[in-house]
Protein chains: 2
Amino acid sequence: MRGLEALGEKGIIRLIWEYLDRMPDLVLDLGDDASAINIDDGRVAVLKTDMLVGETDVPPGMSLRQAARKAVVMNISDFAAKGVKPLVMLVSLGLPRSLREKDIRDIGAGLGDAAREYSTYIIGGDTNEASDLIISCSLLGFSNKEEIISRSGAKPGDIIAVTGKFGRTSAGLKILLEGLSAPREIEERLKEAVFIPKARLSEGLALSEAKVLSASIDSSDGLAVSLYELSDASGVGFMIDHVPIADEAVRFAEIHDLDPYNLGLYGGEEYELVVTVKPQLWESAKRAIAKVGGTLIRIGRVIKERRIELRTNGEIRSIECKGWEHFKMRKP
Amino acid sequence: MRGLEALGEKGIIRLIWEYLDRMPDLVLDLGDDASAINIDDGRVAVLKTDMLVGETDVPPGMSLRQAARKAVVMNISDFAAKGVKPLVMLVSLGLPRSLREKDIRDIGAGLGDAAREYSTYIIGGDTNEASDLIISCSLLGFSNKEEIISRSGAKPGDIIAVTGKFGRTSAGLKILLEGLSAPREIEERLKEAVFIPKARLSEGLALSEAKVLSASIDSSDGLAVSLYELSDASGVGFMIDHVPIADEAVRFAEIHDLDPYNLGLYGGEEYELVVTVKPQLWESAKRAIAKVGGTLIRIGRVIKERRIELRTNGEIRSIECKGWEHFKMRKP
């Protein structure tokens, strides 16, 4: 009989689904970033829940205010990937008995920060005693069936692109969890990437409104895992020819003799969007995202064969499906 | 600086709300059993989240399958109280590393049991490692503004009524948590009340559809606390002249020389509805609930003065505001 580690997150979810009846006519496949149901002609209600757990999601040095903000960002990012505005949110808390009034205020402040940052409202919730900090958020929004972007629409020939550079949080987590050092000016920025992650909501909404994407996912489990998820959902592969890595991460890799590609591909807790775009819509997509101050970086193209390869400097490397997955990685 | 115990659940919620912007035009007040927003002419989206925590919500002897089912029932009961059909649900899990495949199957089976029992669908969720079992559910449903029943509509002169008898879970918890004994034939029924609680969904939907209620709340924090909540929200008081106590609880009280009223009033984890009805609608209300096999038991009347009294056998006793509240009561 397997334990949780052997099952992995996906195995656990598969087991549970064996016991649940499928709702007919779901707008997004099970396993997409969010869930969506038809509510009337063309309109869909979109839902998402994601739980922050102190032990696995709050690295040393992160304040409670930042943790509460992050719990919201994790959820907003999935709505960003689907191109859906988060209208309202519920927050369910598990609070260790050791917390004091000041801590509760910090949690409140972090939730308030995030709600204002992403123009959503917290309208309810639940409070409980628990042995570890738990912040479970649920989002509701509405969209149109033709504007919501699934993971499953990528087609061979499409361009695959991302909304920002990778590697900062991998490097930041190596500083926070493994005690690696970095020059002060980059250490702060790497830690900030972990402590104050940003969801690409304006970008996701702009791309959805412009109707330029064929598929989209967020990169919260790391770029490599997101590519595999997108590949599975769309039944395609990717030829990646560029992994945009943040300057600070490149510098950090040099200092510690690390492969910068490993930092960029196999991280997690990074909330960029990974999207596919038909070549003829590429310029429109770039314009749409530029209008909200964002950027779209081409990283390769969608191919028919279901393999994911990285081609750089004439060399082909395979990209492995690894990164952050609960039950497989935890704080040391 | 106060700790969680001194703050209490309500104090914690108040603190957090200090940091959150209020959404304008909410259909239900903050603190009602569920949250509701206007989505278009007269239609409202209704949301609820409630978290089950192993340490405080799963008494000894309750199986994982029952715990998972209970996590759903806790949420459904609030929808029942608002008279709203739960359309879809998300489930966010925190799973201790010690769980095995069999345990995950039990949780899946319990979630599936509950979803079928209340004709709703689980359409998504999230899985995490946590130090204690956490099952956080979120429900979405739709209603009309004039059909949703708040806590705040009770008016002096209304009849106050409940959908069933009380005291079974108090007695059951005394058996499970304090080791009190009971004759086998009633022990099983008292434990079952704790292990397999029922939400009064058909009853709530029937009463809402018949438009006969002026206010409604569920009794998950105990009958006394629910009366106080209803009193606070509606700005009224209650003269209670009858507390319907289950036969098994009366018997249990006799055996252990307990006051049966204490079992009936100050319990919790009981999911009856506590509703108010205009006298001229009382017969319609009884007919509406009888149609779905339910029952409505008159327990007293709404009074203008904001006090809650129990008048039995010519004697007046005051009802205290106590019962189950997280951070104030826990397993021994």
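Asks: I'd like to hear about the overall build of chain A, residue by residue, with values.
Replies: Tallying secondary structure elements over chain A gives 11 helices and 12 strands in all. Over its C-alpha trace chain A gives a radius of gyration of 19 Å, about what one expects of a compact globule, namely 20 Å for 332 residues. If one aligns the C-alpha atoms of chain A with their principal axes, the spans along those axes are about 55 × 55 × 50 Å. Excluding contacts between residues fewer than 6 apart, the proportion of contacts in chain A whose partners are at least 24 apart in sequence is 84%.

Asks: Talk me through the interface of chain B and chain A; I want residue IDs and the actual numbers.
Replies: Contacts between chain B and chain A engage 64 residues on the former and 64 residues on the latter. Tallying contributions element by element places helix 4 (residues 101-117) of chain B first for the side of chain B that touches chain A, with 11 residues. Class assignment for the residues of the side of chain B that touches chain A results in 32 nonpolar, 16 polar and 16 charged.

Asks: Tell me about the sheet that holds strand 11 (residues 308-312) of chain A, residues and numbers included.
Replies: Residue and element names in this part refer to chain A. Strand order in the open sheet formed by seven strands is 7-9-6-10-8-11-12, with mixed pairing between adjacent strands. Where the open sheet ends on each side, the last strands, each with one partner, are strand 7 (213-218) and strand 12 (315-318). Adjacent strand axes in the sheet meet at a mean angle of 25°, parallel and antiparallel pairs treated alike. Summarising the sheet, strand 6 (residues 159-162) and strand 10 (residues 297-303) pair through four bridges and their orientation is antiparallel. Looking at strand 10, one finds that I160 is bridged to G300.

Asks: How would you sum up the sheet that holds strand 5 (residues 134-144) of chain B? Please name residues and give values.
Replies: All names here are of chain B. Within the open sheet, the five strands sit side by side as 1-2-5-3-4. Their pairing is mixed. At either end of the open sheet lies a strand with only one pairing partner, and these are strand 1 (35-40) and strand 4 (121-129). Between one strand axis and the next, the sheet turns through 20° on average, direction left out of account. Sheet analysis places strand 2 (residues 43-53) next to strand 5, joined by 11 bridges and oriented antiparallel. Counted as the bridge partner of M51 is S136 from strand 5. In this fold helix 3 (residues 64-82) packs onto strand 2, strand 3 (88-95) and strand 5, with an angle of close to 145° to the strand it touches most, strand 2.

Asks: Can you break down the domain arrangement of chain A residue by residue, with the values?
Replies: All names here are of chain A. Each assigned domain of chain A is listed here: domain 1 (4-144) and domain 2 (159-318). Each of domain 1 and domain 2 has a C-alpha centre, and these two points are 22 Å apart. Tallying the contact residues gives 20 residues for domain 1 and 23 residues for domain 2. Here the residues of the side of domain 1 that touches domain 2 are counted per class, giving 10 nonpolar, four polar and six charged.

Asks: Lay out the pairing of strand 1 (residues 35-40) of chain A with the relevant residues and their values.
Replies: It is a general feature of regular strands that their side chains alternate between the two faces of the sheet. Residues and elements named next belong to chain A. Sheet analysis places strand 1 next to strand 2 (residues 43-53), joined by five bridges and oriented antiparallel. Residue pairing across strands places I37 opposite A45, the latter belonging to strand 2. The loop that links strand 1 with its antiparallel partner strand 2 comprises two residues; one of these, G42, has a positive phi angle of about 80°.

Asks: I'd like a rundown of the packing of helix 5 (residues 168-178) of chain B against helix 9 (residues 247-255) of chain B, residues and numbers included.
Replies: Residues and elements named next belong to chain B. Viewed as axis vectors pointing N to C, helix 5 and helix 9 meet at an angle of 45°, and their least axial separation amounts to 8 Å. Classified by the interaxial angle, the pair formed by helix 5 and helix 9 is oblique. Judged by the twist between their axes, the crossing of helix 5 over helix 9 is left-handed. Counted together, R168, S170 and A171 of helix 5 and E248, A249 and F252 of helix 9 form the full contact between these two elements. Classifying every residue of the contact of helix 5 with helix 9 gives three nonpolar, one polar and two charged.

Asks: Just give me the short version of the pairing of strand 8 (residues 237-240) of chain A, but keep the residues and values in it.
Replies: Residues and elements named next belong to chain A. In this structure, strand 8 lies alongside strand 10, joined through four bridges in antiparallel fashion. Bridged to G237 within strand 10 is I303. Sheet topology note: the strand 8/strand 11 ladder contains three bridges and is parallel. Across the sheet, residue M239 finds its bridge partner in strand 11, namely E309.

Asks: Can you break down the relation of the copies chain B and chain A residue by residue, with the values?
Replies: The second copy of the chain is related to the first by a rotation about an axis and a shift along the axis. Superposing chain B onto chain A takes a rotation of 180° plus a shift of 0.0 Å along the axis, which leaves an RMSD of 0.0 Å. Put plainly, the chains are arranged around a two-fold axis. Interface overlap between copies is the fraction of interface residues in one copy that are interface residues in the other; for chain B against chain A it reaches 100%, indicating a shared surface.

Asks: Please set out the environment of G157 of chain B residue by residue, giving values where relevant.
Replies: All names here are of chain B. Tracing the sequence through the fold places G157 in the loop between strand 5 and strand 6 (159-162). Among the residues examined, G157 registers 14 C-beta atoms within 10 Å and is labelled partly exposed. A C-alpha to C-alpha distance of 9.7 Å links G157 and F238, two positions 81 residues apart in sequence. With near-sequence residues (within four places) excluded, G157 lies in contact with P279, R301 and V302.

Asks: An account of helix 4 of chain B is needed here, citing residue identities and associated values.
Replies: Since one α-helical turn is 3.6 residues long, residues separated by three or four positions face the same way. Helix length check: helix 4 of chain B (17 residues) gives 24 Å between terminal C-alpha atoms against 24 Å at 1.5 Å per residue, within 8%. Within the sequence span of helix 4 of chain B, burial applies to D103, I104, I107, G108, G110, L111, G112, A114 and A115 of chain B. Looking at the buried side of helix 4 of chain B, the elements it contacts are helix 1 (4-17) of chain A together with helix 3, strand 3 and strand 4 of chain B.

Asks: Could you give an account of the packing of helix 7 (residues 201-209) of chain A against helix 11 (residues 282-291) of chain A, naming the residues involved and the relevant values?
Replies: All names here are of chain A. Helix 11 packs onto helix 7 with a crossing angle of 140° between their chain directions and a minimal axis gap of 8 Å. In terms of orientation, helix 7 lies oblique with respect to helix 11. The chirality of how helix 7 crosses helix 11 is right-handed. Mapping the contact onto sequence places E203, A206 and L207 in helix 7 and A285, A288, I289 and K291 in helix 11. Across the contact of helix 7 with helix 11, the residue classes break down as five nonpolar, no polar and two charged.

Asks: Would you mind going over helix 7 of chain A in detail, with residue names and values included?
Replies: Residue and element names in this part refer to chain A. Along helix 7, seven of the nine residues are buried, which leaves the element largely enclosed by surrounding structure. Taken together, the buried positions of helix 7 are L201, E203, G204, L205, A206, L207 and S208. Where helix 7 is buried, its residues meet helix 3 (64-82), strand 7, strand 9 (273-277) and helix 11. With its phi angle positive at about 50°, K211 sits one or two positions after the end of helix 7.

Asks: Hey, could you go over unusual backbone geometry for me, with residue numbers and the actual values?
Replies: Note: most peptide bonds trans; most residues except glycine with negative phi. At E269 of chain A, a position not held by glycine, the phi torsion is positive, near 60°. Residue placement: E269 of chain A occurs in the loop between helix 10 (260-265) and strand 9.

Asks: Let's hear about the confidence of the model for chain A: which residues, and what values?
Replies: Residue and element names in this part refer to chain A. Residues of chain A with pLDDT of at least 70 account for 97%, and the chain-wide mean is 94. Confidence drops under a pLDDT of 50 for residues 326-332, and excluding neighbours within four residues, the segment shows 20 contacts in the predicted structure. The complex prediction reports pTM at 0.95, with the ipTM value standing at 0.94.

Asks: Report on the environment of A130 of chain B, specifying residues and quantitative values.
Replies: Topologically, A130 of chain B is positioned in the loop between strand 4 and strand 5. Taking the C-beta count within 10 Å as the criterion, A130 of chain B has 26 such neighbours and is therefore assigned buried. Setting aside residues up to four positions removed in sequence, A130 of chain B forms contacts with V53, D132 and I134 of chain A together with G94, L95 and P96 of chain B.

Definitions and limits used
- Residues numbered from 1 in each chain as written.
- Chains lettered and ligands numbered in written order.
- Predicted model: local features only at pLDDT ≥ 70, side-chain atom pairs only at ≥ 80, totals over all residues.
- Helix = DSSP H or I, 4+ residues; strand = E, 2+ residues; numbered from the N terminus.
- Rg over C-alpha atoms; globule rule 2.2 N^0.38 Å.
- Contact = placed C-beta atoms within 7 Å.
- Nonpolar A, V, L, I, M, F, W, Y, C, P; charged D, E, K, R; others polar.
- Pairing = 2+ DSSP bridges.
- Axes fitted to C-alpha atoms, helices over the stretch in contact; angles between N-to-C directions.
- Domains from an automatic or database assignment.
- Parallel < 35°, antiparallel > 145°, perpendicular 65-115°, else oblique.
- Left-handed = near helix turned anticlockwise from the far one by under 90°.
- Least-squares fit on C-alpha atoms with pLDDT ≥ 70 in both.
- Buried ≥ 20, exposed ≤ 12 C-beta atoms within 10 Å, placed from the backbone.
- Expected span 1.5 Å × (residues − 1).
- pLDDT = per-residue confidence, 0-100.

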